[in-house]
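Okay, here's what each chain looks like letter by letter:
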Amino acid sequence: MGVADRALVRLLPAVPRAVVQRLSAPYIAGPTLGDARRRVADLNSAGMLATVDVLGEEVRRAAEAEAVASMYHAALDAIAGDRLNANVSVKLTALGLEIDLDLCRSLLATVVADAAARGIFVRIDMEHSGCTDDTLRIYRELRDAGRENVGIVLQSCLRRTLADVGDLADLRPSVRLCKGIYVEPSAIAYQGREAIRDNFVQILDALLELGCYAAVATHDEWLLERTLERVGGLGRDAYELQMLLGVHEQRAAELAAAGHRLRVYVPYGDRWYEYSLRRLQENPALAGMLAKAAVLRVVPGRP
Ligand SMILES: Cc1cc2nc3c(=O)[nH]c(=O)nc-3n(C[C@H](O)[C@H](O)[C@H](O)COP(=O)(O)OP(=O)(O)OC[C@H]3O[C@@H](n4cnc5c(N)ncnc54)[C@H](O)[C@@H]3O)c2cc1C
């Protein structure tokens, strides 16, 4: 990312919420579960799988975390009821990780139990580095308690991740591997694109060596090529590729048409702001989008 891009990203929080909402609309299914259901059904019809995320990070009170958990139960009900080919992705901060660890544990346990009863898988998203230890611990507790329908996410930007793979090896975890979106200090995280890519490939090799199910989440064509080289000899059920709603959709469709399991991350809900900022900060067209939004704001009568 160049100096000008970094300056733009710093300005993002100053952009009016209505503009952020408009620019980020392609990344979000919509405010309601009905929106997510329709989007997942469309993806399934196009030969793709989905993972449904209830937007709800930054919760401040137990009641909000409980409300997010209820939305997950409703999402599981909808996935099962509509026979959608989808699982769910959960952010532990949305279930109260940063307000009450035990509350988070018990809300997640009920979501995972509900999902298990319906034959649905739960992926625990990985958030900023302050959450990594607790997230990995809670994942291990669930697996130790006999839950098999749960998986984790690992981030290749973190220096610790290869060691985490070693620590998790006995569980043969299902892992979503991504670069990691949170801004982390250089003491704990690689900063350069090449170092993050190299670590990604090393982690992927380690996961495949252990016989783990690897869900490779990237839009980076260089990494996709390295991944396809590696999974070439594996069965279709040994791995999947993942992309975000609204990003490189044509490429996602091509990969699905070529026979890969391709899962799209489908967020929905009315707490869209933080997720939207993160997506916009990664959009290479950010400068153009902001310029266009500014023009639309000063030219009256434009839609
Ligand atoms: C399914 C999925 C789940 C994820 N879960 C997590 C998680 O749990 N924790 C976490 O920290 N991170 C998560 N991420 C985000 C991930 O860590 C990266 O920040 C993100 O995927 C961008 O990295 P990249 O590998 O696609 O490579 P990049 O080099 O960032 O992107 C490659 C290309 O993709 C395109 N692109 C990427 N993002 C956008 C965008 N927003 N808008 C338009 N074009 C874009 C651009 O053309 C860019 O050049 C997830 C990503 C995916 C795909």
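Residues numbered from 1 in each chain as written. Predicted model: local features only at pLDDT ≥ 70, side-chain atom pairs only at ≥ 80, totals over all residues.

Engineer: Honestly, the pairing of strand 4 (residues 150-155) in this entry has me stumped. Any pointers?
Structural biologist: Side-chain direction in a regular strand flips from residue to residue, so the side chains alternate between the two faces of the sheet. Across the six residues of strand 4, six count as buried, placing the element largely inside the fold. A two-sided burial pattern is seen for strand 4, the buried positions comprising Val150, Ile152 and Leu154 on one face and Gly151, Val153 and Gln155 on the other. One ladder, built from two bridges, connects strand 3 (residues 122-124) with strand 4; its direction is parallel. Across the sheet, Arg123 pairs through a bridge with Gly151, a residue of strand 4. Between the parallel elements strand 3 and strand 4, the chain passes through helix 6 (residues 132-144) in a crossover that is right-handed. In the sheet, strand 4 pairs with strand 5 (residues 175-178) via four bridges, with the strands oriented parallel. If you follow Gln155 over to strand 5, its bridge partner there is Cys178. One crossover worth recording links strand 4 to the parallel strand 5 by way of helix 7 (residues 161-168), and it is right-handed. (Buried ≥ 20, exposed ≤ 12 C-beta atoms within 10 Å, placed from the backbone. Helix = DSSP H or I, 4+ residues; strand = E, 2+ residues; numbered from the N terminus. Pairing = 2+ DSSP bridges. Right-handed = clockwise from strand over helix to strand, strands pointing away.)

Engineer: It is not clear to me how the packing of helix 8 (residues 193-210) against helix 9 (residues 221-231) should be interpreted in this structure. Could you clarify?
Structural biologist: It is the contact of helix 8 with helix 9, at a shortest axis distance of 11 Å, that shows an interaxial angle of 20°. Of the possible angle classes, the one that applies to helix 8 and helix 9 is roughly parallel. For helix 8 against helix 9, the interelement crossing comes out right-handed. In this structure, helix 8 contributes Arg197, Phe200, Val201, Leu204 and Leu208 to the contact, and helix 9 contributes Trp222, Leu223, Arg226, Thr227 and Arg230. For the contact of helix 8 with helix 9, the per-class residue count stands at six nonpolar, one polar and three charged. (Axes fitted to C-alpha atoms, helices over the stretch in contact; angles between N-to-C directions. Parallel < 35°, antiparallel > 145°, perpendicular 65-115°, else oblique. Left-handed = near helix turned anticlockwise from the far one by under 90°. Contact = placed C-beta atoms within 7 Å. Nonpolar A, V, L, I, M, F, W, Y, C, P; charged D, E, K, R; others polar.)

Engineer: What is the right way to read the pairing of strand 2 (residues 86-90) from this model?
Structural biologist: A large share of strand 2 lies buried, amounting to five of its five residues. By the alternation rule, side chains of strand 2 split into Ala86, Val88 and Val90 and Asn87 and Ser89, which are all buried. Viewed along the sheet, the connection from strand 1 (residues 49-54) through helix 4 (residues 62-81) into strand 2 turns out right-handed. As paired strands, strand 2 and strand 3 are joined by three bridges and run parallel to one another. Looking at the pairing, Val88 lines up with Val122 of strand 3. As a crossover connection, the stretch from strand 2 through helix 5 (residues 101-117) into strand 3 is right-handed.

Engineer: Please clarify how the site of the ligand should be interpreted in this entry.
Structural biologist: Around the ligand, the surrounding shell holds 23 residues, and the nearest of these are Asp125, Cys178, Thr218, His219 and Asn283. Secondary-structure elements contributing two or more residues to the shell around the ligand are strand 4, strand 7 (239-244) and helix 11 (273-282). Counting residues per element, the shell around the ligand draws most heavily on strand 7, at three residues. Residue composition of the shell around the ligand, by class: eleven nonpolar, seven polar and five charged. (Near = placed C-beta within 6 Å.)

Engineer: Just to check I follow, could you spell out unusual backbone geometry for this structure?
Structural biologist: Glycine aside, negative phi is the norm for most residues, and most peptide bonds take the trans geometry. Of note, the phi angle at Arg83 is positive, near 50°, even though the residue is not glycine. Following the sequence through the fold, Arg83 ends up in the loop between helix 4 and strand 2. Looking at Arg83, the number of C-beta atoms within 10 Å reads 9, which means it is exposed.

Engineer: Would you explain the environment of Asp134 in this entry?
Structural biologist: Structurally, Asp134 can be placed in helix 6. Given 17 C-beta atoms within a 10 Å radius, Asp134 is considered partly exposed. Taking the C-alpha atoms as reference points, Asp134 and Ala62, separated by 72 residues in sequence, lie 18 Å from one another. Excluding residues within four positions of it along the chain, Asp134 makes contact with Leu97 and Leu101.

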